Amino acid sequence: IAAYPCPAALFHTGIGGVRASSLLATSLRPLALFTIAPKKMIGGFIESISSAEFGGRPGATVIEVDGGTALPGFVDAHTHVLVRIPVATSDSELDAYMVNSLPGLLRAYLEAGVTSMVSTGDYWPKILDVQAALLTGSLTGPRLHVMGPVFQRFGGHPADTICKRNRWCRERLAVEVDNPKTAADRVAHFATRGVFAIKAVFSEKYTQESDPMADLA
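Reference entry: report on the structure contained in this document. Quick caveat, the model's predicted, so the values are computed rather than measured. (Residues numbered from 1 in each chain as written. Predicted model: local features only at pLDDT ≥ 70, side-chain atom pairs only at ≥ 80, totals over all residues. Heavy atoms only, no water.)

1. Structural notes on the packing of helix α1 (residues 91–100) against helix α2 (residues 102–111)
Put simply, α1 and α2 touch, their axes get as near as 4 Å, and they point 45° apart. By the angle between their directions, the pair α1 and α2 is classed as oblique. Together, Tyr 97, Met 98, Val 99 and Asn 100 of α1 and Leu 102, Pro 103 and Leu 105 of α2 make up the contact between the two elements. Residues belonging to the contact of α1 with α2 are distributed by class as follows: six nonpolar, one polar and no charged. (Axes fitted to C-alpha atoms, helices over the stretch in contact; angles between N-to-C directions. Helix = DSSP H or I, 4+ residues; strand = E, 2+ residues; numbered from the N terminus. Parallel < 35°, antiparallel > 145°, perpendicular 65-115°, else oblique. Contact = heavy atoms within 4.5 Å. Nonpolar A, V, L, I, M, F, W, Y, C, P; charged D, E, K, R; others polar.)

2. As for the nonpolar core
By size, the foremost hydrophobic cluster in this structure holds 33 residues, and its most contacted members are Val 81, Leu 82, Leu 102, Tyr 123, Ile 127, Val 130 and Leu 144. Looking at this core, the element that brings in the most residues is helix α3 (residues 126–136), giving five residues. Beyond its immediate sequence surroundings of up to four residues, Leu 82 is in contact with Leu 94, Tyr 97, Met 98, Leu 102, Asp 122, Tyr 123, Lys 126, Ile 127 and Val 130. (Core = buried A, V, L, I, M, F, W, Y, C linked by side-chain atoms within 4.5 Å. Buried < 20%, exposed > 50% of the residue type's maximum accessible area, 1.4 Å probe, protein only.)

3. Quick word on the state of the cysteines
Under the criterion given, the structure shown has one disulfide. Between Cys 163 and Cys 169 runs a disulfide, and the two sulfur atoms are separated by 1.9 Å. With the S-S bond torsion at -40°, the cross-link from Cys 163 to Cys 169 turns out left-handed. Here Cys 163 falls in the buried class, since its relative accessible area comes to 1%. With relative accessibility at 0%, the residue Cys 169 sits in the buried group. (Disulfide = S-S within 2.5 Å.)

4. Digging into the sheet that holds strand β6 (residues 74–79)
With respect to topology, three strands assemble into an open sheet ordered β6-β7-β8, the strand pairing being parallel. Among the strands making up the open sheet, the edge pair consists of β6 and β8 (143–146). Direction aside, the axes of adjacent strands within the sheet are offset by 20° on average. Where α3 meets the sheet, its contacts fall on β7 (114–119) and β8, and the angle it forms with β8 comes to roughly 150°. (Pairing = 2+ DSSP bridges.)

5. Some words on α1
An α-helical segment advances 3.6 residues per turn. Residues three or four places apart therefore align on the same side. Those residues of α1 lying buried are Leu 94, Tyr 97 and Met 98. Seen along its axis, α1 keeps its buried residues to an arc of 100°; they face one direction. Exposed positions of α1 whose direction lies more than 90 degrees from the buried face are Ser 92, Val 99 and Asn 100. In the core, the buried residues of α1 are packed alongside α2, α3 and α4 (167–173). (Arc of directions from axis to C-beta.)

6. Concerning the environment of Gly 155
As for its placement among the helices and strands, Gly 155 is situated in the loop between β9 (150–153) and α4. When the C-alpha atoms of Gly 155 and Val 177 are compared, they prove to be 9.9 Å apart, with 22 residues separating the residues in sequence.

7. Quick notes on the pairing of β9
Here β9 shows no split at all, with Val 150 and Gln 152 on one side and Phe 151 and Arg 153 on the other all buried. For β9 and strand β10 (residues 174–177), the ladder comprises four bridges, and the chain directions are parallel. Bridge pairing in β10 links Gln 152 to Glu 176. Between the parallel pair β9 and β10, the chain is carried across by α4, and the sense of this crossover is right-handed. (Right-handed = clockwise from strand over helix to strand, strands pointing away.)

8. Regarding the environment of Val 83
By the secondary structure assignment, Val 83 is in the loop between β6 and α1. Residues Val 83 and Tyr 123, 40 residues apart in the sequence, show an inter-C-alpha distance of 7.1 Å. Val 83 has contacts with Gly 121, Asp 122, Tyr 123, Ile 162 and Leu 173, leaving out every residue within four places of it along the chain.

9. Digging into α3
All of the buried residues in α3 are Ile 127, Leu 128, Val 130, Gln 131, Ala 133 and Leu 134. Buried residues belonging to α3 abut α1, α2, β7 and β8.

10. A word on the pattern of salt bridges
Close approach of charged atoms allows side chains of opposite charge to pair. One pass over the structure, following the stated rule, counts seven salt bridges. With its nearest N and O atoms 2.9 Å apart, the salt bridge here joins Lys 181 to Asp 185. In this pair, Lys 181 and Asp 185 both sit in helix α5 (residues 180–192), four residues apart, roughly one turn of the helix. Classification of Lys 181 by relative accessible area gives exposed; the value is 58%. By sharing partners, the salt bridges in this structure join Asp 91, Arg 167, Glu 171 and Arg 172 into a single network. (Salt bridge = Lys/Arg side-chain N within 4 Å of Asp/Glu carboxyl O.)

Set out below in C-alpha coordinates:
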(Lines give C-alpha, C1' and ligand atoms only; values in the text may rest on other atoms or scores of the structure.)
Protein backbone atom coordinates (compact mmCIF):
# COMPACT_ATOMS: atom_id res chain seq x y z
CA ILE A 1 0.00 0.00 0.00
CA ALA A 2 2.74 2.46 0.93
CA ALA A 3 4.19 2.33 -2.60
CA TYR A 4 0.94 3.03 -4.46
CA PRO A 5 1.09 5.99 -6.87
CA CYS A 6 -1.16 8.69 -5.50
CA PRO A 7 -3.44 11.02 -7.50
CA ALA A 8 -1.63 14.16 -8.62
CA ALA A 9 -4.00 16.42 -6.69
CA LEU A 10 -2.54 15.15 -3.43
CA PHE A 11 0.91 16.43 -4.21
CA HIS A 12 0.36 20.18 -4.42
CA THR A 13 2.73 21.88 -2.01
CA GLY A 14 1.27 22.21 1.45
CA ILE A 15 -1.29 19.41 1.28
CA GLY A 16 -0.59 17.24 4.27
CA GLY A 17 -3.30 14.61 4.22
CA VAL A 18 -6.64 13.35 3.00
CA ARG A 19 -9.32 11.96 5.27
CA ALA A 20 -11.82 9.59 3.67
CA SER A 21 -14.26 6.92 4.78
CA SER A 22 -12.81 4.04 2.75
CA LEU A 23 -9.90 3.00 0.58
CA LEU A 24 -10.35 0.81 -2.49
CA ALA A 25 -7.56 -1.77 -2.20
CA THR A 26 -6.26 -4.24 -4.81
CA SER A 27 -8.70 -6.86 -3.57
CA LEU A 28 -11.51 -4.43 -4.52
CA ARG A 29 -12.67 -4.64 -0.91
CA PRO A 30 -13.00 -1.23 0.77
CA LEU A 31 -10.73 -0.75 3.76
CA ALA A 32 -11.70 1.72 6.46
CA LEU A 33 -9.26 4.57 7.02
CA PHE A 34 -9.02 8.05 8.38
CA THR A 35 -5.88 9.46 6.82
CA ILE A 36 -3.64 9.20 3.78
CA ALA A 37 -0.44 11.19 4.18
CA PRO A 38 1.34 11.84 0.86
CA LYS A 39 4.97 12.86 0.57
CA LYS A 40 5.32 16.56 -0.23
CA MET A 41 6.40 16.24 -3.84
CA ILE A 42 4.78 16.06 -7.24
CA GLY A 43 4.91 12.52 -8.59
CA GLY A 44 5.65 10.97 -5.19
CA PHE A 45 3.98 8.08 -3.41
CA ILE A 46 1.61 7.56 -0.54
CA GLU A 47 3.66 7.96 2.59
CA SER A 48 1.32 6.24 5.01
CA ILE A 49 -2.23 5.00 5.51
CA SER A 50 -3.48 5.02 9.04
CA SER A 51 -6.66 4.84 11.09
CA ALA A 52 -5.05 7.25 13.53
CA GLU A 53 -5.89 10.93 13.45
CA PHE A 54 -3.57 12.97 11.25
CA GLY A 55 -1.31 15.13 13.37
CA GLY A 56 -0.24 17.12 10.34
CA ARG A 57 2.79 19.19 9.50
CA PRO A 58 2.85 22.85 10.50
CA GLY A 59 0.75 24.79 8.01
CA ALA A 60 -0.38 21.67 6.13
CA THR A 61 -3.81 21.47 4.55
CA VAL A 62 -6.07 18.51 5.27
CA ILE A 63 -8.75 17.65 2.69
CA GLU A 64 -11.90 16.29 4.28
CA VAL A 65 -13.83 13.85 2.06
CA ASP A 66 -15.82 12.01 4.70
CA GLY A 67 -18.24 9.63 3.03
CA GLY A 68 -16.04 9.35 -0.06
CA THR A 69 -13.64 6.69 -1.27
CA ALA A 70 -9.93 7.31 -1.88
CA LEU A 71 -8.32 5.55 -4.83
CA PRO A 72 -4.74 5.16 -6.06
CA GLY A 73 -4.10 6.84 -9.40
CA PHE A 74 -5.30 4.79 -12.38
CA VAL A 75 -3.02 3.86 -15.29
CA ASP A 76 -4.34 3.87 -18.87
CA ALA A 77 -1.99 1.28 -20.35
CA HIS A 78 -3.14 1.68 -23.97
CA THR A 79 -4.00 5.07 -25.37
CA HIS A 80 -3.31 7.21 -28.44
CA VAL A 81 -3.01 10.79 -27.28
CA LEU A 82 -2.62 12.39 -30.71
CA VAL A 83 -4.32 9.93 -33.04
CA ARG A 84 -7.97 10.92 -33.27
CA ILE A 85 -10.73 10.16 -35.75
CA PRO A 86 -10.73 11.64 -38.34
CA VAL A 87 -6.99 11.04 -38.68
CA ALA A 88 -4.82 14.13 -39.20
CA THR A 89 -3.35 14.68 -42.65
CA SER A 90 -0.94 17.58 -42.03
CA ASP A 91 1.22 19.33 -39.44
CA SER A 92 -1.25 22.23 -39.32
CA GLU A 93 -4.16 19.92 -38.49
CA LEU A 94 -2.18 18.25 -35.72
CA ASP A 95 -1.01 21.62 -34.33
CA ALA A 96 -4.61 22.85 -34.23
CA TYR A 97 -5.69 19.71 -32.34
CA MET A 98 -2.84 20.12 -29.84
CA VAL A 99 -3.89 23.71 -29.12
CA ASN A 100 -7.68 23.38 -29.19
CA SER A 101 -8.48 19.84 -28.01
CA LEU A 102 -5.53 18.13 -26.33
CA PRO A 103 -5.45 20.22 -23.10
CA GLY A 104 -9.10 19.37 -22.40
CA LEU A 105 -8.52 15.68 -23.10
CA LEU A 106 -5.60 15.52 -20.68
CA ARG A 107 -7.56 17.35 -17.96
CA ALA A 108 -10.42 14.88 -18.44
CA TYR A 109 -8.02 12.01 -17.78
CA LEU A 110 -7.01 13.57 -14.46
CA GLU A 111 -10.61 14.26 -13.50
CA ALA A 112 -11.34 10.56 -14.11
CA GLY A 113 -8.51 9.56 -11.76
CA VAL A 114 -5.95 8.60 -14.43
CA THR A 115 -2.51 9.78 -13.30
CA SER A 116 -0.33 7.78 -15.72
CA MET A 117 -0.87 6.81 -19.34
CA VAL A 118 1.00 4.86 -22.01
CA SER A 119 1.10 6.14 -25.57
CA THR A 120 1.07 2.91 -27.60
CA GLY A 121 1.51 4.62 -30.96
CA ASP A 122 1.34 8.33 -31.73
CA TYR A 123 2.63 10.76 -34.31
CA TRP A 124 6.41 10.97 -34.08
CA PRO A 125 8.12 13.11 -32.91
CA LYS A 126 5.23 15.38 -31.80
CA ILE A 127 4.36 12.98 -28.99
CA LEU A 128 7.72 13.86 -27.41
CA ASP A 129 6.62 17.52 -27.30
CA VAL A 130 3.51 16.46 -25.37
CA GLN A 131 5.60 14.41 -22.95
CA ALA A 132 8.01 17.33 -22.41
CA ALA A 133 5.16 19.79 -21.86
CA LEU A 134 3.64 17.52 -19.21
CA LEU A 135 6.99 17.16 -17.47
CA THR A 136 7.58 20.92 -17.36
CA GLY A 137 4.02 21.72 -16.34
CA SER A 138 3.13 23.77 -19.41
CA LEU A 139 0.45 21.10 -20.02
CA THR A 140 -1.66 19.68 -17.19
CA GLY A 141 -2.33 15.98 -17.36
CA PRO A 142 -1.15 12.50 -16.35
CA ARG A 143 2.48 11.48 -16.62
CA LEU A 144 3.05 10.09 -20.11
CA HIS A 145 5.12 7.05 -21.10
CA VAL A 146 5.94 6.97 -24.82
CA MET A 147 6.42 3.97 -27.12
CA GLY A 148 6.83 6.04 -30.29
CA PRO A 149 5.57 4.93 -33.72
CA VAL A 150 4.37 1.39 -34.44
CA PHE A 151 6.75 -1.19 -35.93
CA GLN A 152 5.26 -3.37 -38.67
CA ARG A 153 6.04 -5.15 -41.91
CA PHE A 154 5.21 -3.24 -45.10
CA GLY A 155 1.48 -3.23 -45.75
CA GLY A 156 0.30 -3.91 -42.21
CA HIS A 157 -1.37 -1.95 -39.43
CA PRO A 158 -1.47 1.05 -39.05
CA ALA A 159 0.14 1.96 -42.40
CA ASP A 160 -2.50 0.25 -44.54
CA THR A 161 -5.42 0.70 -42.16
CA ILE A 162 -5.96 4.06 -40.46
CA CYS A 163 -3.12 5.64 -42.49
CA LYS A 164 -4.26 4.20 -45.82
CA ARG A 165 -3.85 6.80 -48.60
CA ASN A 166 -2.46 9.22 -45.99
CA ARG A 167 1.29 9.55 -46.48
CA TRP A 168 1.62 12.16 -43.74
CA CYS A 169 0.11 9.75 -41.18
CA ARG A 170 2.08 6.77 -42.47
CA GLU A 171 5.44 8.54 -42.12
CA ARG A 172 4.75 9.60 -38.52
CA LEU A 173 2.81 6.67 -37.07
CA ALA A 174 4.36 3.58 -38.70
CA VAL A 175 7.86 2.16 -38.92
CA GLU A 176 7.77 -0.29 -41.84
CA VAL A 177 10.59 -2.84 -42.01
CA ASP A 178 11.27 -5.85 -44.21
CA ASN A 179 14.28 -7.48 -42.53
CA PRO A 180 15.56 -8.06 -38.98
CA LYS A 181 18.64 -5.83 -39.37
CA THR A 182 16.61 -2.82 -40.40
CA ALA A 183 14.17 -3.49 -37.58
CA ALA A 184 17.00 -3.73 -35.03
CA ASP A 185 18.62 -0.52 -36.34
CA ARG A 186 15.34 1.36 -36.04
CA VAL A 187 14.76 0.03 -32.52
CA ALA A 188 18.23 1.28 -31.53
CA HIS A 189 17.43 4.69 -33.00
CA PHE A 190 14.21 5.10 -31.01
CA ALA A 191 15.89 3.80 -27.87
CA THR A 192 18.29 6.75 -28.04
CA ARG A 193 15.27 9.09 -28.13
CA GLY A 194 14.05 7.82 -24.78
CA VAL A 195 11.09 5.57 -25.64
CA PHE A 196 10.41 3.18 -22.79
CA ALA A 197 9.19 0.31 -25.02
CA ILE A 198 8.61 -0.67 -28.65
CA LYS A 199 5.24 -1.68 -30.06
CA ALA A 200 5.36 -4.20 -32.92
CA VAL A 201 2.32 -5.38 -34.88
CA PHE A 202 2.36 -8.91 -36.31
CA SER A 203 0.39 -9.54 -39.47
CA GLU A 204 -1.54 -12.71 -40.27
CA LYS A 205 -0.48 -12.26 -43.89
CA TYR A 206 3.02 -13.49 -43.06
CA THR A 207 2.29 -16.59 -41.00
CA GLN A 208 3.80 -18.82 -43.72
CA GLU A 209 7.00 -16.85 -44.12
CA SER A 210 9.57 -15.07 -42.01
CA ASP A 211 8.23 -11.91 -40.42
CA PRO A 212 10.98 -9.46 -39.39
CA MET A 213 8.89 -8.52 -36.37
CA ALA A 214 8.94 -12.13 -35.15
CA ASP A 215 12.67 -12.41 -35.83
CA LEU A 216 13.31 -9.18 -33.93
CA ALA A 217 11.22 -10.33 -30.97
